[in-house]
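# Structural description and commentary
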Amino acid sequence: MEHFSELAEKRRSHRKFADERLTEEQIQSLLDVALMAPTSKGLHSYSFCVVENPEKLTALSQCKDMGSQFVSGAPCAIVVMADPEISDVWIEDSSTAAMSILYQSEALGLGACWVQVRNRKDSEGRDSEAVVRGILSLPENLRVVCFLAIGHKGMERKGQNMEKISALKADKVIRM
Ligand SMILES: Cc1cc2nc3c(=O)[nH]c(=O)nc-3n(C[C@H](O)[C@H](O)[C@H](O)COP(=O)(O)O)c2cc1C
């Protein structure tokens with residue numbers, strides 16, 4: 001088993017996908033890691049919606065004015081939602097789960113990319129969360145944080161630039 005740091009170095013955002021569906025085992029494995037992610041007080045305020053329907057993926061690709069169009073070429077998106085009534089830190093709960101899905105995608109050799117939904121608008125100024133809720137008929141109590149486009153990589157990408165990471169370490173880390 002590789003160290004997590006090797007996985008973290010390899011992981012990049014992938015926005016081009018091969019025309020191949022995910023297997024049920026791959027989808028279950030992505031959901032397993034999401035549900036194992038830490039949540040505040042163990043309250044699991046998040047929920048997930050797995051979308052494989054091509055029409056729905058195309059509709060999701062238009063939920064923002066930019067940064068979501070590539071989703072129409074993905075075989076799968078996992079929408080990450082949360083219930084603010086369950087936890088006041090629902091954004092953190094759902095973000096840790098989303099990150100777990102991104103890293104597990106890389107571990108499975110798949111490509112994935114986060115698409116921000118919360119606080120975003122579509123090209124006609126409509127709230128992206130409301131647009132996604134409408135497309136998927138989601139309950140009103142669930143806030144939509146993001147979705148993750150996932151598929152077989154359409155192209156390889158170089159891993160993280162470790163020189164840049166060293167520079168960031170000098171700039172972004174305070175030690176005392
Ligand atoms: C909170 C968050 C929101 C993001 N939103 C989008 C998005 O809407 N569309 C997109 O194509 N990428 C999005 N990304 C991916 C970033 O653009 C990407 O992680 C960043 O450019 C670094 O590249 P890397 O992931 O290849 O290291 C988002 C990432 C995060 C963490």
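Structure shown above.
Rules and cut-offs
- Residues numbered from 1 in each chain as written.
- Predicted model: local features only at pLDDT ≥ 70, side-chain atom pairs only at ≥ 80, totals over all residues.
- Heavy atoms only, no water.
- Helix = DSSP H or I, 4+ residues; strand = E, 2+ residues; numbered from the N terminus.
- Rg over C-alpha atoms; globule rule 2.2 N^0.38 Å.
- Contact = heavy atoms within 4.5 Å.
- Areas by Shrake-Rupley, 256 points an atom, 1.4 Å probe, with all protein chains shown as cover.
- Lys, Arg positive; Asp, Glu negative; His and termini not counted.
- Charge placed at Lys NZ, Arg CZ, Asp CG, Glu CD.
- Pairing = 2+ DSSP bridges.
- Axes fitted to C-alpha atoms, helices over the stretch in contact; angles between N-to-C directions.
- Near = heavy atom within 4 Å.
- Polar contact = N/O pair within 3.5 Å; in protein donor to acceptor, adjacent residues only side chain to side chain.
- Nonpolar A, V, L, I, M, F, W, Y, C, P; charged D, E, K, R; others polar.
- Buried < 20%, exposed > 50% of the residue type's maximum accessible area, 1.4 Å probe, protein only.
- Parallel < 35°, antiparallel > 145°, perpendicular 65-115°, else oblique.
- Left-handed = near helix turned anticlockwise from the far one by under 90°.
- Core = buried A, V, L, I, M, F, W, Y, C linked by side-chain atoms within 4.5 Å.

## Considerations on the overall build of the protein chain
Check the secondary structure of the protein chain and you find six helices and four strands. Put simply, the protein chain runs from its N terminus to its C terminus through helices and strands in the order α-α-β-α-β-α-β-α-β-α. The globule rule puts the C-alpha radius of gyration for 176 residues at 16 Å, and the 17 Å found for the protein chain is close to it. Along the three orthogonal principal directions, the C-alpha set of the protein chain runs to about 45 × 40 × 35 Å. Within the protein chain, residue pairs in contact and separated by at least 24 positions form 78% of the contacts whose partners lie at least 6 positions apart. Split by element, the accessible area of the protein chain, about 10100 Å² in all, is 51% carbon and sulfur. Seen as two clouds, the 22 positive and the 25 negative side-chain charges of the protein chain have centres 7 Å apart.

## Notes on the sheet that holds strand β4 (residues 143–152)
Each strand in a sheet pairs with another by means of backbone hydrogen bonds, the pair being arranged parallel or else antiparallel. Reading across from one edge, β1-β2-β4-β3 is the order of the four strands in this open sheet, with antiparallel pairing throughout. What marks the edges here is a single partner per strand, and that holds for β1 (46–51) and β3 (110–116). With direction set aside, neighbouring strand axes in the sheet form an average angle of 20°. Pairing between β3 and β4: seven bridges, direction antiparallel. The residue of β4 that forms the bridge with Gln116 is Cys146. Here helix α3 (residues 54–61) sits on the sheet and contacts β1, β2 (76–82) and β4; the angle it forms with β2, its principal contact strand, is near 60°. On top of the sheet, helix α4 (residues 90–107) reaches β1, β2, β3 and β4; it is set at about 0° to β4, its chief contact.

## Some points on the site of the ligand
Around the ligand sit 13 residues in total, of which Arg12, Ser13, Arg15, Lys64 and Gly67 are the nearest. Separating an oxygen atom of the ligand from a side-chain N or O atom of Arg11 is a distance of 3.0 Å. The fraction of the free accessible surface of the ligand (630 Å²) that becomes covered by protein chains is 61%. Its residues assigned to classes, the shell around the ligand shows four nonpolar, four polar and five charged.

## Quick word on helix α5 (residues 128–136)
Count 3.6 residues to each turn of an α-helix, and residues three or four apart come out pointing the same way. Counted residue by residue, α5 has seven buried out of nine residues, so it is predominantly covered. Listed as buried for α5 are Ser128, Glu129, Val131, Val132, Arg133, Ile135 and Leu136. Tucked inside the fold, the buried residues of α5 contact β1, α3, β2 and β4. Ser137, located one to two residues past α5, shows a positive phi value of around 50°.

## Comments concerning the packing of helix α2 (residues 24–36) against α4
Taken N-terminus to C-terminus, the directions of α2 and α4 make an angle of 140°; their axes are 8 Å apart at the nearest point. Comparing the axis directions of α2 and α4 gives the class oblique. Of the two possible hands of crossing, α2 and α4 adopt the one that is right-handed. Each of Ser29, Leu30, Val33 and Ala34 in α2 lies in contact with α4, whose residues at this interface are Ala97, Ser100, Ile101, Gln104 and Ser105. Residues belonging to the contact of α2 with α4 are distributed by class as follows: five nonpolar, four polar and no charged.

## Quick word on the side chain of Ser94
Mapped onto the secondary structure, Ser94 falls in helix α4. For Ser94, a relative accessible area of 0% translates into the label buried. The residues contacting Ser94, other than those within four sequence positions of it, are Tyr46, Val80, Met81, Ala82 and Val145.

## Describing the nonpolar core
Counting residues in each nonpolar core, the largest one holds 24 residues, and the members touching the most others are Leu60, Val79, Val132, Leu136 and Phe147. It is α5 that contributes the most residues to this core, four residues altogether. Filtering out sequence-adjacent residues up to four positions away, Leu60 remains in contact with Val51, Ser68, Ala77, Val79, Val132, Ile135, Leu136 and Phe147. Cys76, Ala98, Ile101 and Leu148 belong to the second-largest nonpolar core, a separate cluster that totals 23 residues.

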